[in-house]
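This is what each chain is made of:
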There are 2 protein chains.
Amino acid sequence: MTSLNRPHTTDEVHEAFRKYLRDHGIKWTKARQRTLEAVLQLKEHFEAEQVLHQLRQGGRNVGKATVYRTLPLLVDCGILKQVRFDVKQAHYEHSYGEGPHDHMVCRRCGRIIEFASEEVVELSSRIAQRHHFHVVGHRMQLSGLCWECSIVCPVAMAPLESEAAPPKKSKRKRK
Amino acid sequence: MTSLNRPHTTDEVHEAFRKYLRDHGIKWTKARQRTLEAVLQLKEHFEAEQVLHQLRQGGRNVGKATVYRTLPLLVDCGILKQVRFDVKQAHYEHSYGEGPHDHMVCRRCGRIIEFASEEVVELSSRIAQRHHFHVVGHRMQLSGLCWECSIVCPVAMAPLESEAAPPKKSKRKRK
DNA sequence: ATGCTTGCAAAACGTTTGCACAGGG
DNA sequence: CCCTGTGCAAACGTTTTGCAAGCAT
């Protein structure tokens, strides 16, 4: 939602990255530039592997290690934000100039819906205060069914892919 | 907080597991029994490796694979809940008969503080309704500094271990 | 007796690191 | 020119899987 019509040009983002690198004595290299470009072409939420894929697809090869070393820089300078869903891999989203928001993840189709979270921020502060905790950030994730899936399949919770799985002889639920 | 004085005896939990297994045509075996016992001895939040460790310590050896195969069963039958913090490994907590709650994670000492979350649940519903989303569950995590750490170290965000790291020659921020 | 369960080892997975070479300031 | 950055491959820690043997029903 917020990632469409991003309020900043790619040039601005490039400049922000170069400034960040300069200020930290890190070099502006071809590999880092290409990684940033690939990242800017990706929409919404993505993982490291997709950045690699995007790079290979454009014929601009960058080593896996370099991508993994560059992503934290982009996070550190505010262009990306690391988001962790209920999976082992890290996901990233664009955060340059974007307001804070949280996510709803559909258990069936995997769709990720963003929502602005002023109320969540307020609630966080209230709760933190109550426990003498100094909040720096928060993460809130709702899981359930998106509108389409709740119509198609009002009860099922199983991920979409498992529908094709052939029934087992036993009564076991484990996949 | 809620894991202390759990409102159910270990017998009740055992029985719940056995019933779950029976109902699903899964066998009640020594390995699964031992895994459950180890899990019940662990307090608060733990990871798979700690279950293994607990088992070895008690001389009741169970294969790593078996533990990894049993934990999802315990989650599925409601005895455990999988919780993912900002790390790659999964963590688990006891959920049998416990009310919903969320977590605050201290960035410095790693302490995890639980808080009851009726307000969070309410807010979830309100937000979901607004987006025509059918919520099934939520996850909220505040990160920041716990009371002790915010006194010791009012500004630092770096994890505790990095304090011992020797300063590098360059101006770079990366570890 | 049958076939689910086990433990081991090996694979898979995402991520990190060591190293010799390339290339930017 | 120096020192950082790169790419490769190998290491890493967690989790999963293949398989022959074990054991609960």
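This text goes with the structure placed above it.
Peer 1: Describe the overall build of chain A, listing the residues and the values that go with them.
Peer 2: A tally of helices and strands in chain A yields six helices and six strands. Helices and strands appear in chain A in the N-to-C order α-α-β-α-α-β-β-β-β-α-β-α. Here chain A holds 175 residues, and the buried ones make up 41% of them. The long-range share in chain A, meaning contacts at least 24 apart out of those at least 6 apart in sequence, stands at 51%. Counting every atom, chain A has about 10,100 Å² of accessible surface; 53% of that belongs to carbon and sulfur.

Peer 1: Any chance you could break down a nonpolar patch on the surface for me, citing the residues and the numbers?
Peer 2: A cluster of nonpolar side chains, A:Trp147, A:Ile151 and A:Val152, forms an exposed patch at the surface whose accessible area comes to about 340 Å². Of the residues examined, A:Trp147 reaches a relative accessible area of 48% and is grouped as partly exposed.

Peer 1: Can you explain the sheet that holds strand 3 (residues 91–94) of chain B? Please cite residues and give values.
Peer 2: Neighbouring strands of a sheet are bound in pairs by backbone hydrogen bonds; such pairs are parallel or else antiparallel. Residue and element names in this part refer to chain B. Taken in spatial order, the three strands make up an open sheet running 1-3-2, and their pairing is antiparallel. In the strand order of this sheet, the two ends are held by strand 1 (46–47) and strand 2 (80–83), each with one partner. Note that strand 1 and strand 3 share two bridges and pair antiparallel. Following the sheet pairing, Glu47 is matched in strand 3 by His91. Helix-sheet contacts for helix 4 (residues 64–76) involve strand 2 and strand 3, and the interaxial angle to strand 2 is about 110°.

Peer 1: Would you mind going over the pattern of salt bridges in detail, with residue names and values included?
Peer 2: Two side chains with opposite charge may pair up if their charged atoms get near one another. For the structure on display, the rule yields 12 salt bridges over all chains. With a closest N to O distance of 3.1 Å, A:Glu15 and A:Arg22 form a salt bridge. Residue A:Glu15 is classed as partly exposed on the basis of its relative accessible area, which comes to 42%. Its salt-bridge partner being B:Glu148, residue B:Arg111 comes within 2.5 Å of it at the nearest N-O pair.

Peer 1: So what's going on with helix 1 (residues 10–23) of chain A? Residues and values would help.
Peer 2: Residues and elements named next belong to chain A. End to end, helix 1 covers 20 Å across 14 residues, agreeing with the expected 20 Å (1.5 Å per residue, within 8%). Residues of helix 1 that are buried include every one of Val13, His14, Ala16, Phe17, Tyr20 and Leu21, and no others. For helix 1, the arc enclosing every buried residue in end-on projection is 160°, short of the 170-degree limit, so these residues lie on one face. Exposed side of helix 1, more than 90 degrees from the buried face: Asp11 and Arg22 are the residues found there. Elements that come into contact with the buried residues of helix 1 comprise helix 2 (30–41) and helix 4 (64–76). Positive backbone phi, approximately 65°, marks Gly25, located one or two places after helix 1.

Peer 1: How would you explain the pairing of strand 3 (residues 91–94) of chain A if you had to name every residue and give the values?
Peer 2: Residues and elements named next belong to chain A. Residues His91 and Glu93 of strand 3 are buried on one face, and the alternating residues Tyr92 and His94, pointing to the opposite face, are buried as well. In terms of strand pairing, strand 2 (residues 80–83) meets strand 3 through four bridges, oriented antiparallel. If you follow Gln82 over to strand 3, its bridge partner there is Tyr92.

Peer 1: Which residues make up the packing of helix 1 of chain A against helix 2 of chain A, and what values do they have?
Peer 2: Residue and element names in this part refer to chain A. For the pair helix 1 and helix 2, interaxial distance at closest approach is 11 Å and the crossing angle is 140°. In this view, helix 1 runs oblique relative to helix 2, as classed from their interaxial angle. When you trace helix 1 past helix 2, the crossing you get is right-handed. Mapping the contact onto sequence places Thr10, Val13, His14 and Phe17 in helix 1 and Arg32, Gln33, Leu36, Glu37 and Leu40 in helix 2. Partitioned by chemical class, the residues of the contact of helix 1 with helix 2 number four nonpolar, three polar and two charged.

Peer 1: Would you mind going over the interface of chain B and chain A in detail, with residue names and values included?
Peer 2: In this assembly, 50 residues from chain B lie in contact with 50 residues from chain A. For the chain B and chain A pair, buried surface summed over both sides reaches about 4,400 Å², with 60% attributable to carbon and sulfur atoms. The interface formed by chain B and chain A contains six salt bridges. Across the pair B:Glu119 and A:Arg126 runs a salt bridge, and its minimum N-O distance is 3.2 Å. Between chain B and chain A we count 19 residue pairs in polar contact (both at pLDDT 80 or more) in total. Looking at the side of chain B that touches chain A, the elements that each hand over two or more residues are helix 4, strand 4 (101–106), strand 5 (112–116), helix 5 (118–130), strand 6 (134–145) and helix 6 (147–152) of chain B. Among the elements that take part in the side of chain B that touches chain A, strand 6 of chain B stands out by supplying 12 residues, more than any other. Looking at the side of chain B that touches chain A residue by residue, the class counts come to 22 nonpolar, 12 polar and 16 charged.

What counts and how
Residues numbered from 1 in each chain as written. Chains lettered and ligands numbered in written order. Predicted model: local features only at pLDDT ≥ 70, side-chain atom pairs only at ≥ 80, totals over all residues. Heavy atoms only, no water. Helix = DSSP H or I, 4+ residues; strand = E, 2+ residues; numbered from the N terminus. Buried < 20%, exposed > 50% of the residue type's maximum accessible area, 1.4 Å probe, protein only. Contact = heavy atoms within 4.5 Å. Areas by Shrake-Rupley, 256 points an atom, 1.4 Å probe, with all protein chains shown as cover. Patch = residues over 30% accessible without salt bridge, like charges linked within 9 Å, V, L, I, M, F, W, Y side chains within 5 Å. Salt bridge = Lys/Arg side-chain N within 4 Å of Asp/Glu carboxyl O. Pairing = 2+ DSSP bridges. Axes fitted to C-alpha atoms, helices over the stretch in contact; angles between N-to-C directions. Expected span 1.5 Å × (residues − 1). Arc of directions from axis to C-beta. Parallel < 35°, antiparallel > 145°, perpendicular 65-115°, else oblique. Left-handed = near helix turned anticlockwise from the far one by under 90°. Nonpolar A, V, L, I, M, F, W, Y, C, P; charged D, E, K, R; others polar. Buried area = accessible area lost by both parts, 1.4 Å probe. Polar contact = N/O pair within 3.5 Å; in protein donor to acceptor, adjacent residues only side chain to side chain.

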